[in-house]
Structures are given as structure tokens and as C-alpha cells.
Amino acid sequence: AVNFEHTPLAKYFLGLSYLVTGNSVLFNIPLYFGTLALLYILSLRVITRKWIAYLVVFLVGTLKLFYLNVAQGMLDLPNLFSALLFFVVLTTDSLQPRTARKTAGKYIALGIILGIFAGTRYPFPLISLLLAPLFIWAYAKKELAFVAYSLLFLALTYLATYSVFFKARSRFEFIQFEWYRFRWFTDARTIPKFLIF
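Scoring rules and cut-offs
Residues numbered from 1 in each chain as written. Predicted model: local features only at pLDDT ≥ 70, side-chain atom pairs only at ≥ 80, totals over all residues. Heavy atoms only, no water. Helix = DSSP H or I, 4+ residues; strand = E, 2+ residues; numbered from the N terminus. Rg over C-alpha atoms; globule rule 2.2 N^0.38 Å. Buried < 20%, exposed > 50% of the residue type's maximum accessible area, 1.4 Å probe, protein only. Lys, Arg positive; Asp, Glu negative; His and termini not counted. Charge placed at Lys NZ, Arg CZ, Asp CG, Glu CD. Core = buried A, V, L, I, M, F, W, Y, C linked by side-chain atoms within 4.5 Å. Contact = heavy atoms within 4.5 Å. Patch = residues over 30% accessible without salt bridge, like charges linked within 9 Å, V, L, I, M, F, W, Y side chains within 5 Å. Areas by Shrake-Rupley, 256 points an atom, 1.4 Å probe, with all protein chains shown as cover. Salt bridge = Lys/Arg side-chain N within 4 Å of Asp/Glu carboxyl O.

Caption draft 1: Focus on the overall build of the chain. Within the chain, the secondary structure is distributed over 10 helices and 0 strands. Taken over the C-alpha trace, the chain has a radius of gyration of 18 Å; the compact-globule value for 197 residues is 16 Å, and the two agree within 12%. Expressed as a percentage of its 197 residues, the buried residues of the chain come to 38%. The positive charge centre, built from 19 side chains, and the negative charge centre, built from 7, are 8 Å apart in the chain.

Caption draft 2: Expanded view of the nonpolar core. Within the largest apolar cluster, 23 residues are counted, with the highest numbers of intra-cluster contacts made by Phe 86, Tyr 107, Leu 114, Ile 127 and Leu 134. Listing elements by their share of this core, those giving two or more residues are α5 (76–90), α6 (100–120), α7 (128–140), α8 (147–160) and α10 (171–188). If one sorts the elements of this core by residue count, α6 sits on top with 7 residues. If we ignore the near neighbours within four places in the chain, the residues touching Phe 86 are Leu 110, Ile 113, Leu 114, Leu 130 and Leu 134. By size, the runner-up hydrophobic cluster in this structure holds 13 residues, among which are Leu 36, Tyr 40, Phe 66 and Leu 75.

Caption draft 3: Spatial organisation of a nonpolar patch on the surface. Residues Phe 13, Leu 16, Leu 19 and Val 20 make up a contiguous nonpolar surface patch of about 440 Å² in total accessible area. Mapped onto the elements of the fold, Phe 13 is located in helix α1 (residues 9–21). Since its relative accessible area comes to 38%, Phe 13 is described here as partly exposed.

None of the figures reported here should be taken as evidence of function without further support.
Okay, structure coming up:
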């Protein structure tokens with residue numbers, strides 16, 4: 001009932017941070033540095049010179065739009081962290097020969113990360129920005145069949161974020177809730193309907 005429009009996972013961590021430390025936004029401090037570390041890893045995969053990768057991290061880390069999120073109980077930082085983690089894992093290729101088991105493990109990990117991404121804020125249609133690269137990458141690597149693992153674990157992880165919901169309510173009520181929320185985003189608000197996209 002509280003802030004129903006977004007999924008609960010990041011809110012659980014903010015609440016846990018409050019229970020443990022008395023401050024809900026302390027959870028954001030390791031996320032801030034983790035996000036910068038992931039950005040550095042991704043930068044090195046695109047840029048060959050380390051000093052430019054350091055510059056990218058410095059510029060983003062000192063960007064007011066970014067660091068102000070650390071002091072707020074918003075869902076943007078956890079969502080960004082999970083998106084960057086997705087791209088780091090997606091673009092990680094072992095130098096050793098890949099077995100089917102290792103490939104399946106990678107796509108399972110990607111599915112879990114996608115579930116975490118979907119669990120941090122309302123995923124539609126934002127998750128398509130991660131699903132499209134997943135399918136393109138898998139197609140280019142001739143691993144398209146493994147995407148089924150990602151989709152399965154995306155669904156399982158997303159549903160796991162609602163485990164508290166399922167303690168008191170049925171699966172049918174969950175489907176009703178998801179439909180209600182979708183309609184709220186696309187129809188029930190006073191803003192123009194297309195803004196969800």
C-alpha cells in the first residue's frame with residue numbers, strides 16, 4: 001500500500017539499513033562506490049587508456065545528479081547499480097574455452113541480475129533496455145538458447161522479491177495487483193499516458 005508503484009527490493013535494503021544503523025540511506029554509500037567500480041570496469045572494456053577510464057569515474061562520481069542520490073532514499077542508485085552489474089557480467093568472456101555449463105551459469109547469473117533490476121523499481125518498459133542487449137549478445141555469440149535460463153531466473157528472482165506479499169495473498173491477487181499497477185502507470189494518472197515509455 002505504501003509506494004505501491006515501485007517494486008520492493010531496494011526498499012527492503014533501505015529498511016534493513018535503518019534497522020541496523022538507524023539511517024536508511026547508509027545503504028547507498030557502498031552502492032555509490034560499487035557503481036563507480038562497475039563503471040570503471042565497463043570503461044576499461046571500451047577505452048584502452050586507464051587515465052581516461054579514471055577520468056570517466058571521476059566525472060560521474062562528482063556529478064551532482066549522481067552523488068546527491070546517496071543522501072536520498074530513492075531507488076535510482078540501486079537500479080543503476082544493477083544495470084551496470086548486468087552489463088559487466090554480460091560483457092565478461094572467459095579466455096578459457098567455455099563449456100555449456102559455464103555458459104548456462106553466466107545466463108543464470110544474468111537472469112538473477114535482471115530480476116534484481118526489475119525488483120528495484122517498476123520494470124516496464126525500462127527492462128527492455130537490458131533485454132534487447134541480452135538477446136543481441138546471445139545471438140552474436142551463438143548462445144541464444146541460453147537466454148531461456150535468463151528469462152526463467154528473471155521471473156523467479158522477481159517473484160522472490162514479493163515473498164512477503166505471498167505470505168498473506170494469493171498468486172491470483174498478485175496478478176490483479178500487477179494489472180492494477182500497470183493500469184495506474186498507463187491510464188490512471190493525470191499525466192499523459194505515453195510518459196511510461
